[in-house]
Every structure is written in structure tokens, then in C-alpha cells.
Amino acid sequence: MYRFLLSRQWVILTLVALALIPTMIELGFWQLHRHEHKVALNKVIGDSLAAKPVPVESLTSPGATVPHRDLYHRVTAVGSFDTAHEVVVRRRTNSDGNVGYHVLTPFVLTDGRILMVNRGWVPADGAQTAFPEIPAPARGEITVTGRLMPDETTARSGIKNVRGLPDRQVMLISGAEQAKRLGKEVLGGYVELTAPAPRGDSPELIPDPGHSDIGPHMAYAIQWWLFSAGVPVGWFVLARREARDRTEEEKRTSGEPAPVAV
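Reference entry: report on the structure contained in this document. None of the values given here were measured: they were computed from a predicted structure. (Residues numbered from 1 in each chain as written. Predicted model: local features only at pLDDT ≥ 70, side-chain atom pairs only at ≥ 80, totals over all residues. Heavy atoms only, no water.)

1. Quick notes on the packing of aromatic side chains
Summed over the entire model, instances satisfying the criterion amount to five aromatic pairs. Ring geometry for F81 against F107: centres 4.9 Å apart, planes inclined by 70°, an arrangement best described as edge-to-face. Of this pair, F81 sits in strand β2 (residues 74–81) while F107 sits in strand β4 (residues 99–109); the two residues are 26 residues apart in sequence, bridging distant segments of the chain. Take F81: its relative accessible area is 14%, and that puts it in the buried class. Owing to a relative accessible area of 0%, F107 belongs among the buried residues under this scheme. Their ring planes at 85° and their centres at 5.8 Å tell us that W224 and F227 sit as a pair that is edge-to-face. With a gap of three residues between them, W224 and F227 both fall in helix α4 (residues 217–254), about one helical turn apart. One aromatic cluster in this structure is built from F4, W10 and W235. Above the face of the F131 ring, R168 is positioned so that its terminal group lies 4.0 Å from the ring centre. (Phe/Tyr/Trp six-rings, centres within 6.5 Å; stacked < 30°, edge-to-face > 60°. Helix = DSSP H or I, 4+ residues; strand = E, 2+ residues; numbered from the N terminus. Buried < 20%, exposed > 50% of the residue type's maximum accessible area, 1.4 Å probe, protein only. Lys NZ or Arg CZ within 6 Å of the ring centre and 35° of its normal.)

2. Thoughts on the nonpolar core
Counting residues in each nonpolar core, the largest one holds 17 residues, and the members touching the most others are L71, Y72, L104 and M116. In this view, L71 contacts L41, V44, S48, L148, M149 and P150; residues no more than four positions away in its chain are not counted. Formed by 15 residues, the second largest nonpolar core is a distinct cluster that contains L109, V117, I142 and V191. (Core = buried A, V, L, I, M, F, W, Y, C linked by side-chain atoms within 4.5 Å. Contact = heavy atoms within 4.5 Å.)

3. Focus: the layout of surface pockets
Of the volumes computed, that of the largest pocket is approximately 480 Å³. Around the largest pocket, the lining comprises 21 residues; the ones closest to its centre are L71, Y72, M149, P150 and R156. With three residues, the single largest contributor to the lining of the largest pocket is helix α1 (residues 8–50). For the lining of the largest pocket, the per-class residue count stands at 11 nonpolar, four polar and six charged. There is about 240 Å³ of room inside the second largest pocket. In terms of lining, the second largest pocket is formed by 18 residues, of which the most central are T65, V66, P150, D151 and R156. The element that contributes the greatest number of residues to the lining of the second largest pocket is helix α3 (residues 175–182), accounting for three residues. (1 Å grid on protein atoms, 1.4 Å probe; cavity = no way out; pocket = protein on both sides within 12 Å on 5 of 7 lines; lining within 4 Å. Points joined across faces, edges and corners; volume = space filled by probe spheres on them. Nonpolar A, V, L, I, M, F, W, Y, C, P; charged D, E, K, R; others polar.)

Written out as C-alpha cells, the structure reads:
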């Protein structure tokens, strides 16, 4: 009755079903890992934002890599802004989705080392080849507070590090690249400025990252696992239906009662 399972069509269908089951199970675990990563990241962000600010020198140093546990940790630094060597980071959006630049300004610490500070977002008014007009920060020695961030890479951000850009424009924030450009010791990572607030709200400060949304990854994981369980069920239903149809066809052509598929 089920000899049709040896046909070419059913052999292919069975092999496809057998391949789909582990694939869907693996996709479910992939979504589960993404869920776990999101939950862990939210905890790191929440803990970092709730922690008291610490001197930036205690968490990073020239050439250092900012560890994951210190992501978004609030830090302070004492020094002065060097706007003469300021650059802008291209193709960055603000909270409304408008495209513009992030303003990256060297902050000269009291010991002469450099901390790169992202002062916020400005619109891309005018030609993309021209350096935009940027309001100046406070002058003289001040204390800044911000969120510590790791150096950006193409692998982490998905942003291609395009070369040959107009003067004083970059695609990625990299302490190593800024150290080469400035010829000075630059602390690893950079800081997203939170205080002092700029006059006239420009540059537009980067808002705190959200850390309450865990995303749909767990739901997707369960969905994939349900799909994997549904494959053998679907295969069995199709096989039973095929057997029933073949039995009824044989009954019609022979004119004799045929056994019912079980």
C-alpha cells in the first residue's frame, strides 16, 4: 500500500523533510542565542548607566580595547577641547532618522593624552564635500561626562570604512586612526558626551540607549521549533492522503472493494 514511498518524487520529498528538521532546529537555537545576547546586553547597558561616573583613565588607556562589560559606562574627564583637529563622522542619523554627521572632537586631558569625544549630531546641510558649520564647545579647562564606547569596526557596525573622503571626514570612530592623524597618544574607545549640554542644543546630544526591549527572538525560536515539529506531521498526513487516494483509485478501476489504509 505504501510502496509509492519508494518513488522518485517521494524519496526527494522525504529527503527534503529530513533536511528541514535539523535546519529549523538550528535556526531556533540561533534565535535563542540572539535573545540571550540581547538580554545580556540590556543588563550591561542598564548596569553601566546606573553606575556612578568614574575617571575615564580608570577604564581605558592608549591603544586599549574597551571591554564589553564597560560598554556605556559613565565616565568623566578633565581637560579642554581641541576644535582645530575636530572631524565629522559621515552618514549618521539622529533620533528622528535624519541623516547628518556626528561631531568627533579631541579632548586634551591634563596629562596631554587625547580622549575622542562624540559631541553629538549635526545636520548635513549643504555639499557633502564641505566641512559643516559646528557650534563650538565650552572653552578652557572643563569636566565632561559621557558614555564610554568601544572603537568602531566594519565587522561590528556594518559600516564600510571608505577611503578618500573629504578633509576632516571619517566613516568610523577609531582611536588608532585618530592617534596616527594627531601624532599623539589617544585613549582606546571614545565617549558619547552627556554633559555639559551644548548651547542652543547643537550639536544634538546622542540619547541614552534603550535597554528594555528584548526583541522578538524568543518568539522566532519557538516558531522555528514548531515548524520543525510540523514537518514530520505534515509528511505523515501527506503520505496517508496519498495512500487513501491510491486505494480509492484502485477501487474505482478494479470495481472491487479495496482495503482501507490504516
